[in-house]
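Structural overview
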Amino acid sequence: MESNPVPERRHPRRVSVLGSTGVIGRAACDIIERLPGELEVFALAAGSRAHELAEQVLRFRPRVVALADATKQEELRERLGVSWSGTILLGPEAVEQVAGLAEADVVLNGVVGAAGLRPTWRALRAGKPVALANKESLVIAGEFLTAEAARWGGGILPVDSEHNALFQCLLGQPRGSLARVVLTASGGPFRERPLDTFGAITASEALRHPTWTMGPRITVDSSTLLNKGFEVIEARWLFDLEPERIDVWVHPQSIVHGLAEWVDGTITAILSRPDMRLPIQSALCHPRRLPAGLPRCELASLARLEFHPADPQRFPCLSLARRALAEGGTAPAVLNGADEELVGAFLAERIGFLEIAEGLERVLDRRPAGSAGSLEAVLEADRWAREEARRV
C-alpha cells in the first residue's frame, strides 16, 4: 500500500514508540538517538517492563509515557522520581491512548501479537502515518485496516525488512507493470536439518536464528516459516496484490530482502545487511534517506547469494498461511490466534515442534465461517482460535 509522504517539518519529527522496551522499540529508539534534529521521542509505551521503560524515559525525556501493567506503576514512579514531569498513562487501554495522540507526527507500532491491532487502528483513525512492525495487525485485519488508512489519510509505512524493501521497489511504479513480488526468508535454523529428526526439535534449538535477533514467538515462527506465510498475507493487503503474484524464496544470507519482477523481465531488489534499524529508519524518515552511521552492505565481501524455492514438505506452515489467505474472512485471524497459543505451548515444552503445524491445521479445519469486516468480528475470531488451540 503506497502511503502519503510524511510532510516536511521545521521541528524534528515527533515519534510515538509503542512496544518501546521490545526488540523493535529499542532499535527505533537507537535510530531516533542517531538522528538528532530529524527525529525525537514524543511518547513511549510498554507492557510491563517498568525498569526498562524508566531508563528510556530518563534517556529520551518524552512528553507522555504509557504502561499497560498498572500493577508496576509504583516501580515506574519510584525510578523516575522527580526528575521527569511528563504524563503517565496506565492500564490496558494506555498503549491505545498513546497511539491516538494528536501531537505525534508518526506512530511506530512495535507491539508483539494481536495486542497491536487496536493501537494500529487508533493511530490510523487519528490520521497518523503508522510505521508498522506489528504484522499481526494486517494479518488478522488487513482489509479493514487498509480501508481505514485510506479513509483517514495517515497511511501505513512497513517496517518488516521484506515489506519495507518491496515498498521501496514499488514506490511510484504503475502496478500494471508488475509481474510478481518475492519475499525472501533465511530458512531459519532447520533449512538443512533431516526431516526425520524434526520431531526431536527443542525450543532452545528453534530460538537459534542464524541471522536475525528477534523475540521468541517470531523466532519460532521463522523456524516454521509461518512468519513468512504471515508476510504473504501482509503483502497482499499492503500492496493490493493477488496472492498468486506473491512468491517466497529461501535466501540464507539475508542480504536481499525483497524483489519486484516486472513484465519486461527485469527485477528490482533492495539489498542491505540484516539489521532492523535500516527498515525502521526508512519508515520513520520517509521519503528522505539520511546517514545514521549504520553498517554498510559491502557486496564485494560476500562469497555468494543463494536463492531456493520454499519446500512445502519442510515448511507446511507456509501452505497453511496461503490456505488461510485463500479462505479469507476470519481465517487469517484464526491462524494467528492459534499460533500464538501453540508457540507458547511449544516454548513451555507442553507440545512438540511438529504439533505446531498439526494444531494449526486442526483449528483451521474447525473454524466457523465469518466475515472480517469489523474490529469486533476479528477480535472474536482471535478469542475463539485461542480457546480452540488450547483444546487441541
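These lines cover the structure that appears in this document, whether it is placed above or below. The numbering scheme is per chain: residues are counted from 1 as the chain's sequence reads. Reporting of local features is limited, given that this is a predicted model, to residues whose pLDDT is at least 70; pairs of side-chain atoms are given and counted only at 80 or more, and all residues count toward the totals for whole chains, interfaces and linings. Computation of side-chain values: all heavy atoms of the structure, hydrogens and water removed.

**Comments concerning the overall build of the protein**
Heads up, the rule is: To qualify as a helix, a DSSP run of H or I must reach at least 4 residues; to qualify as a strand, a run of E must reach at least 2; elements of each kind are numbered from the N terminus. Every radius of gyration here is taken over C-alpha atoms, with the globule rule written as 2.2 Å times N^0.38, N being the number of residues. The buried label goes to any residue with under 20% of its type's maximum accessible area, the exposed label to any with over 50%, and the partly exposed label to all in between, with areas taken from a 1.4 Å probe on protein chains only. Here, residues are in contact when the closest pair of their heavy atoms is within 4.5 Å.
When helices and strands are tallied, the protein shows 15 helices and 12 strands. For 392 residues, the compact-globule estimate of 2.2 N^0.38 gives 21 Å, and the C-alpha radius of gyration of the protein, at 20 Å, lies within 12% of that figure. Over its C-alpha atoms, taken along the principal directions, the protein stretches across nearly 60 × 50 × 40 Å. In the protein, which comprises 392 residues, the proportion classed as buried is 55%. In the protein, the share of contacts with a sequence separation of at least 24, taken over all contacts with a separation of at least 6, comes to 69%.

**Re helix 13 (residues 331-347)**
Counted only if it meets this: For a helix, the expected span equals 1.5 Å multiplied by the number of residues minus one.
With 17 residues, helix 13 extends 24 Å from end C-alpha to end C-alpha; this agrees with the ideal 24 Å at 1.5 Å per step. Within helix 13, 13 of the 17 residues are buried, which leaves it mostly tucked inside the rest of the structure. Backbone geometry just after helix 13 places Glu-349 at a positive phi near 65 degrees.

**Topic: the sheet that holds strand 9 (residues 246-250)**
Applied cut-off: Two strands are counted as paired when DSSP detects at least two bridges linking them.
The strand order 11-10-8-9-12 describes an open sheet built from five strands, whose pairing is mixed. Where the open sheet ends on each side, the last strands, each with one partner, are strand 11 (267-271) and strand 12 (308-309). With five bridges joining them, strand 8 (residues 178-185) and strand 10 (residues 256-262) adopt antiparallel strand pairing. Each residue of the ladder has a partner; that of Val-182, found in strand 10, is Leu-259.

**Focus on the pairing of strand 2 (residues 39-46)**
For clarity, the cut-off: Handedness of a crossover is defined as follows: with both strands directed away from the viewer, a clockwise route from the first strand across the helix to the second makes it right-handed.
Of all eight residues that make up strand 2, seven are buried, and the element is covered over most of its length. As paired strands, strand 1 (residues 13-18) and strand 2 are joined by six bridges and run parallel to one another. Paired with Val-15 across the two strands is Val-41, which belongs to strand 2. Assessed by its sense of winding, the connection that carries the chain from strand 1 through helix 1 (residues 23-34) to strand 2 is right-handed. A crossover connection joins strand 2 to the parallel strand 3 (residues 64-67) through helix 2 (residues 50-60); in handedness this β-α-β unit is right-handed.

Spatial relationships are all this shows, so hold off on functional conclusions.
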